[in-house]
Each structure stands twice: as C-alpha cells, then as structure tokens.
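# Structural overview
Listed here are the chains, written in short residue letters.
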Amino acid sequence: SRRTGHYSVQQNQNTQFRLCLHVLQESLDELEMDDYWKEVENITRSVGEAGRGEGGGEGEVQEEEQHKIPEEGEQEEAWLAEAGLTRLFDDTLAEEDSAVFLSTLTRTQAAAVERRVTTVQQTLLRRRNRQHVPDVRDIFRPPEKNFKLLRDKTGQTRIGDLSPLDMKKVRRLVLVEMTALFDTAGIDLKAHKAVKVKSKESGLFGVPLATLLDQDQRRAPGTKVPIIMQRLISHIEEEGLNTEGLLRIPGAATRIKSLCQELESSFYDGMFPWQQLKQHDAASLLKLFIRELPHPLLTVEYLSAFIAVNKLPTKKQQLQALNLLVLLLPEHNRDTLKALVEFFQRVIDHQAKNKMTLNNVSVVMAPNIFMFKGFRSKVTEQQEFSMATSTANIVRLLIRYQNLLWTIPKFIVTQVRQHNMESQRKQNKERAVRKLLKKITTEKPSDKESSQGFIRVQAPQFSKVSMAVHLTEELQAADVLTRFLSQDSPVAVKQEELYLYEIGGNIKERCLDGETYMKDLFHLNPSAEWVIKAVQR
C-alpha cells in the first residue's frame, strides 16, 4: 500500500535523500523524518476512521476541486490585477497611481512586471486581435536611483506598525518583489487559483477561517485567532509542556472523532469537560483543526510558492522569500500562523524534558500544515517523498526565524516612503492642495524647533499635551517615552503600553520600534509629526 510503501521508498533512496538534505543547509536527519511518515500514517488512519459510517465522500470530491490551473495568460493577468497594475494591459481601466507605483520599483522588480505585461499582451493579441494595447516599452523607463534607508538606525517595522493605506502599498510591492526574487533564480511559480468550495457556515472544524473569526468576533470583538485554537493551545500548556512526545504521540482516532463532535455541540456553551481532556488528545484536536480548514492555512494561492522556497540557492534568499510570503498571506491566516509558530517555540523551549526539538516539531507539524484535504490524490508518491523534507524545512524556518519573518523589510518601507513622496509631488501641482499644505505648514509649531535640533512630541491622550525633545545622536524612541512618563506623573499606564508614532510626511502612520534612533529618522522624514499613544497590542 502507499502508506507502508513509504518506508521501503525511504530505504531504497537514502543517497538521494542525503543529497536533498545537504542542499537544505540545516539538515533534518533520517531518524527524525521517520516521524514525518508516522504522522502521515496517523493522519491517513484518522481520516479512514472518521470516514466510516458518514455516508460517503461527497465533501472530499468538492474539496479536490478547490483549486485549478489557470489558462494561458490568466495567471499573469491575475498577478497584475493583484499588484494593482491592470491598466498596463487594459487602458480602459483607471488606476491613478500606476505611474507613481512603477517609479518606485527596482530593476529586478520592474523586470518581473515587464515580463508579465509582455505575456498578457501577446495572449490578448492572439486571443482577440486587439487594435491597441499599451506597448511595454512605453510603460518602463530607466529607473531613477532610489534613496537608501539608513540601516539599523530607523527602527524595525513590524506587521501592524503601518497604517492600512500604507499596508496596501506594502502588499503590492511585496508581491512584485517576491515574484522578482523567484524570476531571478529561474524558478517558475505555477500559482493555483482558489475557487469556492462547499463548506460549513458555522461550527468549529471544517469552517473557513474568515467565517470562524466572524462568529468569534461577535462573541469577543477584536479576536484575531480562532477561540477554539486558542483554547486548545491553552489547555495543552496548562497540562505542562514537559510531557514527552508532545505533538508527536497521537490520540486514538475514534476518541478524537468523539471529542470533535462534543466540542462542536458544547464548546460555545461552556459545557465542554476540559478537565477530562487528555493532553495528547488536545494536541491531536489542534492538528485536526488545522487540517480540516477548507483551504490550507498557507492558502491555495501561495502554497506552491512556500514549497518552492527550498529551490532558492541561499538561506538568505529562502528567508527573504518566506518573509515576503508571510506578508502576502491574508491577515486571518497570518495571525493564526503566528499563534501556531509561537506555540511551537514554547514547546521547543522545553525540549530537555519533552524530547521535542526544533527538527522534531517541524517534521511532525509539516504534514498537518501542508496536507490539506484531497492533497494525496493530487501528487505522486515520488512527489510526496521529495516534498517531505522541503515542507519540514519550511516549517523549521518559520519557527526559528519567526521574529524576522513577521517584519516589513526596510527596503519595502523605503519604497512606500518614495511612493508617498511622489504622490505628494503630484498633488502639489494643484493650487488648492498647495494652499492647504501651506496652511498646515504655517500652523505647525515644530518647524522652528526642528531647525534648532528639537522635535515636538505630542500626546493628545494625556494631560501633558506636548513636549520639546532635543535630538541627539543616541536618542531612541524608548528614551522619548521614558522622558514623557517622568514628566507626566498622573499617567496611569505602563511603559510597555505606550508607543511613539511617526505620522505624516512620507509615511501615513508608523508605530516606532523602541530602538529607533530619532535623529536618523527625523532626517529621513523631517515633515513628520511625533505622537505618543497608549495602545494594547
């Protein structure tokens, strides 16, 4: 059978296996990969047990139709639309900032766009002999030299630090950069297009992530990660993370099925008997929750790109690609994935007792994250074998480098600033806007101060509305917050809940990292205002 055949395939191809591991740089040894195939067996067995007596597999057929290969040119057309560049192949549509956006691209980013515009143009001409399509040579001019963001001085930008408007620009730039990165390495990404599948509209397991969070947010506004997943993780941790084989040892399939049904009926009523739930069963339920999502947690659109990361030649490029892919995930998926990898790291922190190292956790969780319903019917045994080490390595990198992967690269923030400056320059040509900007400028009290080496920090939420701060070479954002707290004693808020924001100028809004050097950032954005806010993050 296919399951029992895995071990013979593994033994017969040790040489190929070792070569594959060598390419991955930080290798996963063969003994640890045994846990991967055991997990695949557990998953297959649990699906078989759960499927008995449920009246056929109608749902599975529908699941297998959840993605399709795009037709010629369709993938490039969808890509340009996602990047907000539809006008480059259809001049009947208006996208106001296409020219501004293109002016911020690097050579490799522009080449990625140009390649897809050319493909779409050729497809359109073949498909319907259009009389006029914008020529790619008219769209791209030699790129202007980009200004450089000072490294390590202007602070780290985490996901959530920027305004929604700037995050839209980030996503467009990240899509182009990610595609350019794979293009440069000669890797052709075959994106799959998600289509609607029949799925449950309420409940816990097998419910779309967005639907699940909508129902959770009605109960607890602001919820970012499904409550059932949070509660399962909490229960596992309450039982202690020193348990040997945590996440690896499965619960009995029939018992897991029964617990799943009990959770569905009594979880939201608060009647589920958590005190009776065994730790390994809770871990099995957590893995089942991830696998049962109607679409993969890493999304149908980007799953193949995550797997292709291993084809990139250097670890630096692999991490860069993963960083960009995390930024491309929908917010619900990204937040849920972050909660998972944070939990995995806490399990790993207890490896001396639970025997679950970074490699162990990675190989056990990889099948649960990458093997969505119907997956095994779509790939050959050889493909599945070669994917084993690739997917385990991806999970390994996601866990180990999570603090890096959930940040916005400095060069992307630089391009956002450039985009905003270009937009402002365009707007300034209009008299009314120029007059308004002049009025705002004359009303700002900070101009004189800033020319003398001071900035004015505002705190409209507090009794001390503003304070002047002298810019020194060593002054950091955290120092500004400390000074504010020392001068405004009635503030009943902890320093960890206070954040300094950069607002306006060449950025809409950015929450500053505590280690941001203020003088360097001021030189980068002299027109910004500086505001202290109390925020729970």
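Residues numbered from 1 in each chain as written. Predicted model: local features only at pLDDT ≥ 70, side-chain atom pairs only at ≥ 80, totals over all residues. Heavy atoms only, no water.

### Regarding the side chain of Asp-335
Following the sequence through the fold, Asp-335 ends up in helix α16 (residues 331-348). Lacking a salt bridge, the buried Asp-335 has Arg-334 as its closest oppositely charged neighbour, with an N-O distance of 4.9 Å. Other than its neighbours up to four places away in sequence, Asp-335 contacts Lys-224 and Val-225. (Helix = DSSP H or I, 4+ residues; strand = E, 2+ residues; numbered from the N terminus. Buried < 20%, exposed > 50% of the residue type's maximum accessible area, 1.4 Å probe, protein only. Lys, Arg positive; Asp, Glu negative; His and termini not counted. Salt bridge = Lys/Arg side-chain N within 4 Å of Asp/Glu carboxyl O. Contact = heavy atoms within 4.5 Å.)

### Quick look at the packing of helix α15 (residues 315-328) against helix α19 (residues 381-400)
Packing of α15 against α19 brings their axes to within 11 Å, and their N-to-C directions diverge by 75 degrees. Judged on the interaxial angle alone, α19 and α15 are roughly perpendicular. Contact with α15, carried on its side by Lys-315, Gln-318, Leu-319, Leu-322 and Val-326, involves Asn-393, Ile-394, Leu-397 and Leu-398 of α19 and no other residues of that element. The class makeup of the residues in the contact of α15 with α19 is six nonpolar, two polar and one charged. (Axes fitted to C-alpha atoms, helices over the stretch in contact; angles between N-to-C directions. Parallel < 35°, antiparallel > 145°, perpendicular 65-115°, else oblique. Nonpolar A, V, L, I, M, F, W, Y, C, P; charged D, E, K, R; others polar.)

### Here we look at the pattern of salt bridges
Counted under the stated rule, the structure contains 16 salt bridges. Among the ionic pairs, Glu-264 bridges to Lys-200, the shortest N-O distance being 2.8 Å. You can see Glu-264 sitting in helix α12 (residues 253-266) and its partner Lys-200 sitting in the loop between β3 (193-194) and α10 (209-219), a full 64 residues away along the chain. Of the residues examined, Glu-264 reaches a relative accessible area of 28% and is grouped as partly exposed. For Lys-200, a relative accessible area of 36% translates into the label partly exposed. Among the salt bridges present, the one from Glu-473 reaches Lys-519, with a minimum N-O distance of 3.1 Å. Taken as a pair, Glu-473 in the loop between β6 (466-470) and α24 (477-487) and Lys-519 in helix α25 (residues 518-524) lie far apart in primary sequence, 46 residues in all. Judged by its relative accessible area of 24%, Lys-519 is partly exposed.

### Some thoughts on the nonpolar core
Counting 115 residues, the largest nonpolar core has Val-113 and Phe-344 as its most contacted members. Apart from the residues lying within four places of it in its own chain, the contact partners of Phe-344 are Leu-247, Val-361, Met-365, Ile-369 and Ile-399. In terms of nonpolar packing, the next biggest core, distinct from the first, is built from 24 residues, Met-467, Leu-475, Phe-484 and Ile-532 among them. (Core = buried A, V, L, I, M, F, W, Y, C linked by side-chain atoms within 4.5 Å.)

What is shown is where atoms sit, not what they do.
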